[in-house]
Structures are given as structure tokens and as C-alpha cells.
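# Topology and contacts: notes
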Amino acid sequence: MNTLLRTEKSKVLIPAAGFGKRSKTEDGKSKELLIHPVSGMPMIRHTTEIAQKLDCDCHIILRKEKTDLRDYLENLDFSKNNLKIQVIESSIEWPETLLLSEKYWAESNLILLPDLIWENSDVGFRMLNHVNSGDSELVFAGKTVSDPENWGIVNLFNQDVIFCEKPRSFVSHPWAWGLIAFKRSRGRELLEKLLKSSQDHEWQSLSGVAELFDLQQMRDETR
């Protein structure tokens with residue numbers, strides 16, 4: 001049975017404040033309400049159920065304009081699921097969404113993107129436990145992809161983590177991340193560099209102890 005170390009010091013963060021410019025939804029409809037192809041539930045519901053299994057608080061971060069998503073979430077039973085809605089000012093890129101919600105971070109945090117489909121049910125436990133135990137400051141879960149220009153690419157080089165959001169140059173053996181766990185003290189630097197890379201598509205690096213976990217399957221449902 002999977003057990004999360006020091007549960008009260010861990011949180012799941014679900015950024016859901018984006019504008020959904022590349023999603024396959026009707027005009028004005030939140031992409032997080034797309035139907036998950038396996039569970040048959042809205043993507044946001046599927047993601048919150050994954051978070052619930054981790055038995056720690058889950059913060060869903062959205063902007064006030066996403067009224068359809070907020071209405072849907074407010075009809076869920078939050079008392080059982082440890083779910084909390086946090087409303088922030090408008091943000092365009094998801095790293096900015098998380099930067100604007102820094103006050104809700106815990107000592108260890110797991111980022112779940114609601115439009116991502118992935119497998120490996122225990123990976124969230126493993127990622128948070130590695131951060132909680134002090135084994136790692138940053139943990140990425142993902143897989144090798146054939147279209148790196150559509151993904152955030154990450155690798156380890158000596159003592160550095162190098163990463164780029166949707167790189168425009170050739171990448172040999174590209175490994176795309178889908179989930180990230182981070183220690184609170186590393187979160188701001190990580191997210192500021194991810195935000196910069198999402199805007200200029202240039203490579204960034206961070207020093208520190210990091211790990212990569214493989215996912216069996218991973219795809220973005222909004223593409």
C-alpha cells in the first residue's frame with residue numbers, strides 16, 4: 001500500500017487559470033471540462049480524483065472569469081476530497097498561475113496539469129516522498145516523445161537540471177515532463193525559469209538534486 005510521508009506538509013497544485021487557446025472546446029468553455037477518454041469524467045474531475053488518492057490538500061487555482069469551471073467545481077463534495085478553490089488575477093501561462101498562488105504552497109508540492117493523460121498510479125506518492133524525505137528537491141515524471149516542439153523537455157546534466165518549454169531547436173532523445181514535484185524553497189526559481197522559457201523557448205538550468213521518473217503513457221488531451 002502506498003503511504004505518503006508527512007502528509008500535512010504536502011499539497012497538490014492544479015493550475016486551471018489558462019485561456020485554453022489551443023484546446024478543442026467550444027468558444028468560451030473551459031478546457032478542463034473536456035471529457036477524459038478513459039474515465040468519461042471531465043478532465044478536472046479525473047485529476048481531482050487522482051489528487052484525492054494522495055490524501056493531502058489539493059488547491060485548484062483558477063481566475064474569476066472561468067465561471068463555468070468554478071460552477072462545476074463548487075458542486076463537488078469538497079468536505080470529503082480536501083479540495084480548495086483559489087481564485088487569482090488573470091494569468092496566461094500556467095507557471096505564472098502557480099507563482100501567483102505561492103502562499104498556498106506546502107513544503108512539498110505536486111503539480112498536476114488537468115489536460116494531461118498519464119498512467120503509473122503510484123508515481124505521485126513516489127515523487128512527493130522523494131521530496132519529503134530529502135532525497136530530491138525536484139522530481140519530474142514523463143517519457144520520451146517524438147514531437148519535442150509541443151512539450152516541456154527536461155534532462156539532467158552533471159549537477160544541473162536543464163529544461164526548455166517547446167524548444168525550437170533540435171533535441172536529441174527528448175524526454176518530456178508531465179508532472180513536477182518540488183520543494184517549496186526551489187519553487188519560485190523553478191517556476192520563474194519555466195515561465196521565461198514558455199515565452200522565449202530558450203533553455204534554462206537549475207542546480208540541485210533532481211530525479212526523473214518514467215511514465216508508461218502520457219499525452220495532452222488539448223492537442
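The notes below deal with the structure included here. (Residues numbered from 1 in each chain as written. Predicted model: local features only at pLDDT ≥ 70, side-chain atom pairs only at ≥ 80, totals over all residues. Heavy atoms only, no water.)

This next bit is on the packing of aromatic side chains. Per the stated rule, a full pass over the model turns up two aromatic pairs. Judged by centre distance (5.3 Å) and plane angle (65 degrees), the rings of Trp94 and Trp177 are edge-to-face. Residue Trp94 is found in helix H4 (residues 94-99), and its partner Trp177 is found in strand S9 (residues 175-183); the two are separated by 83 residues along the sequence. Just as Trp94 is buried, Trp177 falls in that class too. Taking NZ or CZ as reference, Arg126 lies 4.3 Å from the ring centre of Phe213, over its face. (Phe/Tyr/Trp six-rings, centres within 6.5 Å; stacked < 30°, edge-to-face > 60°. Helix = DSSP H or I, 4+ residues; strand = E, 2+ residues; numbered from the N terminus. Buried < 20%, exposed > 50% of the residue type's maximum accessible area, 1.4 Å probe, protein only. Lys NZ or Arg CZ within 6 Å of the ring centre and 35° of its normal.)

The subject of this paragraph is the nonpolar core. Within the largest apolar cluster, 61 residues are counted, with the highest numbers of intra-cluster contacts made by Trp94, Met127, Phe140, Leu179 and Leu190. What Phe140 contacts, discounting residues up to four positions off in sequence, is Met127, Val154, Val161, Trp175, Trp177, Leu179, Ile180, Leu190, Glu211, Leu212 and Phe213. (Core = buried A, V, L, I, M, F, W, Y, C linked by side-chain atoms within 4.5 Å. Contact = heavy atoms within 4.5 Å.)

Position of Glu74 among the secondary structure elements: in helix H2 (residues 67-74). In this structure, the C-alpha to C-alpha distance between Glu74 and Lys84, residues ten residues apart in sequence, is 9.5 Å.

Under the counting rule described, the total for this entry stands at one cavity of 30 Å³ or more. By volume, the largest cavity amounts to about 50 Å³. Along the walls of the largest cavity sit His36, His46, Thr47, Ile50, Leu112, Leu113, Leu116, Ile117 and Trp118, which together make up its complete lining. Elements supplying a minimum of two residues to the lining of the largest cavity: helix H1 (43-53) and strand S5 (116-118). Counted by class, the lining of the largest cavity contains six nonpolar, three polar and no charged residues. (1 Å grid on protein atoms, 1.4 Å probe; cavity = no way out; pocket = protein on both sides within 12 Å on 5 of 7 lines; lining within 4 Å. Points joined across faces, edges and corners; volume = space filled by probe spheres on them. Nonpolar A, V, L, I, M, F, W, Y, C, P; charged D, E, K, R; others polar.)

Among the secondary structure elements, Arg45 is positioned in helix H1. Placed ten residues apart in sequence, Arg45 and Ile35 show a C-alpha to C-alpha distance of 9.3 Å.

Turning our eyes to something else, we now look at the environment of Glu102. Among the secondary structure elements, Glu102 is positioned in the loop between H4 and strand S4 (108-111). Under the relative-accessibility criterion, Glu102 is labelled partly exposed at 24%. Considering only alpha carbons, one finds Glu102 and Arg184, 82 residues apart in sequence, at a separation of 8.9 Å.

Turning our attention to helix H5 (residues 123-132). Buried residues dominate H5, accounting for eight of its ten residues. Where H5 is concerned, the buried positions are Val123, Gly124, Phe125, Met127, Leu128, Asn129, Val131 and Asn132. The first or second residue beyond H5 is Gly134, which carries a positive phi of 90 degrees.

Located in the positive-phi region is His173, a residue other than glycine, with phi close to 50 degrees. With respect to the helices and strands, His173 occurs in the loop between strand S8 (160-165) and S9. Owing to a relative accessible area of 66%, His173 belongs among the exposed residues under this scheme. Here the phi dihedral of His201 falls at roughly 60 degrees; this positive angle occurs in a residue that is not glycine.

In short, geometric facts, not functional conclusions.
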